[in-house]
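Listed here are the chains, written in short residue letters.
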Amino acid sequence: DIATEISPKFRTKVKMRWDDEFLYVGAYMEETDVWGTLTNHNSVIFHDNDFEVFVDTEGTNHNYKEFEINALGTTWSLLLNKPYGDSGGENSKRVNPDGK
C-alpha cells in the first residue's frame, strides 16, 4: 500500500512459485545497512527494514493478505480490507489476539 515516484537505490529480485498447497517466495535484496529491532511476532514490521509480500487473488486492492519479515526473522501476517491510505484496517492477531 506504499507507492511513490522515487526509484529505489538498490535492486530487489523475486521469484515465486506455487503448488496446490503453498506459495513459495525467494528474494535477493541489495542493502548496505541491514538492520532490525523488532523481535515479537506480529509487531508492525514495516518500521524496520523489511521484505513484504502482498497477495490479492482477486486483483481488487481490497481484502488482501500481507506477509512481512525483517532482518531478524520476525514476521507479521495480516489481512487488510483495503490499503491504509484508503482508510483501510487490518485484521491480524496484533489487533485481535483472539482471532474473532
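Keep in mind it's a predicted model, so treat the numbers as computed, not measured.

What counts and what doesn't
- Residues numbered from 1 in each chain as written.
- Predicted model: local features only at pLDDT ≥ 70, side-chain atom pairs only at ≥ 80, totals over all residues.
- Heavy atoms only, no water.
- Pairing = 2+ DSSP bridges.
- Helix = DSSP H or I, 4+ residues; strand = E, 2+ residues; numbered from the N terminus.
- Core = buried A, V, L, I, M, F, W, Y, C linked by side-chain atoms within 4.5 Å.
- Buried < 20%, exposed > 50% of the residue type's maximum accessible area, 1.4 Å probe, protein only.
- Contact = heavy atoms within 4.5 Å.
- pLDDT = per-residue confidence, 0-100.
- Phe/Tyr/Trp six-rings, centres within 6.5 Å; stacked < 30°, edge-to-face > 60°.
- Polar contact = N/O pair within 3.5 Å; in protein donor to acceptor, adjacent residues only side chain to side chain.

### Overview of the pairing of strand 2 (residues 23-29)
Here is step 1: Judged from the 7 bridges that link them, strand 1 (residues 12-18) and strand 2 form a sheet pairing that is antiparallel. Residue pairing for strand 2: V14 is matched across the bridge by A27.
Here is step 2: Adjacent in sequence and paired antiparallel, strand 1 and strand 2 are bridged by 4 residues.

### Focus: the nonpolar core
Here is step 1: Counting 6 residues, the largest nonpolar core consists of V44, I45, Y64, W76, L78 and L80.
Here is step 2: Looking at this core, the element that brings in the most residues is strand 5 (residues 75-80), giving 3 residues.
Here is step 3: Excluding anything up to four places from it in sequence, V44 contacts L38, W76 and R94.

### Focus on the environment of W18
Here is step 1: Residue placement: W18 occurs in strand 1.
Here is step 2: Apart from the residues lying within four places of it in its own chain, the contact partners of W18 are L23 and Y24.

### Observations regarding the confidence of the model for the chain
Here is step 1: Looking at the chain as a whole, its pLDDT mean stands at 87, while 95% of the residues score no less than 70.
Here is step 2: By mean pLDDT, the top-scoring element of the chain is strand 1 (95), and the lowest-scoring one is strand 6 (residues 90-91) (82).

### Overview of the sheet that holds strand 4 (residues 64-70)
Strand-to-strand pairing in sheets goes through backbone hydrogen bonds, with the strands running parallel or antiparallel.
Here is step 1: Read across the open sheet, the 4 strands follow the order 3-4-5-6; overall the sheet is antiparallel. The open sheet has two free edges, formed respectively by strand 3 (50-55) and strand 6, since each of these has just one partner strand.
Here is step 2: Bridge analysis of strand 4 against strand 5 gives 6 bridges, and the strand direction is antiparallel. Note that in strand 5 the partner of E68 across the bridge is W76.

### Notes on the packing of aromatic side chains
Here is step 1: Per the stated rule, a full pass over the model turns up 3 aromatic pairs.
Here is step 2: Considering the side-chain rings of F46 and W76, the 6.0 Å spacing of their centres and the 35° angle between planes classify their relative orientation as tilted. Of the two residues, F46 sits in the loop between strand 2 and strand 3 while W76 sits in strand 5, which places them 30 residues apart along the sequence.
Here is step 3: Taken together, a centroid distance of 6.1 Å and an interplanar angle of 45° make the contact between F54 and Y64 tilted. Linking F54 in strand 3 with Y64 in strand 4, this pair joins segments that are 10 residues apart in sequence.

### Points about the environment of L78
Here is step 1: For L78, the position within the fold is in strand 5.
Here is step 2: Dropping the residues within four chain positions of it, L78 is found in contact with Y64, K65, E66, E68, Y84, E90, N91 and S92.

### Thoughts on the side chain of T75
Here is step 1: Its location among the elements puts T75 in strand 5.
Here is step 2: A polar contact of 2.9 Å, which involves the side chain of T75, links it to the side chain of H41.

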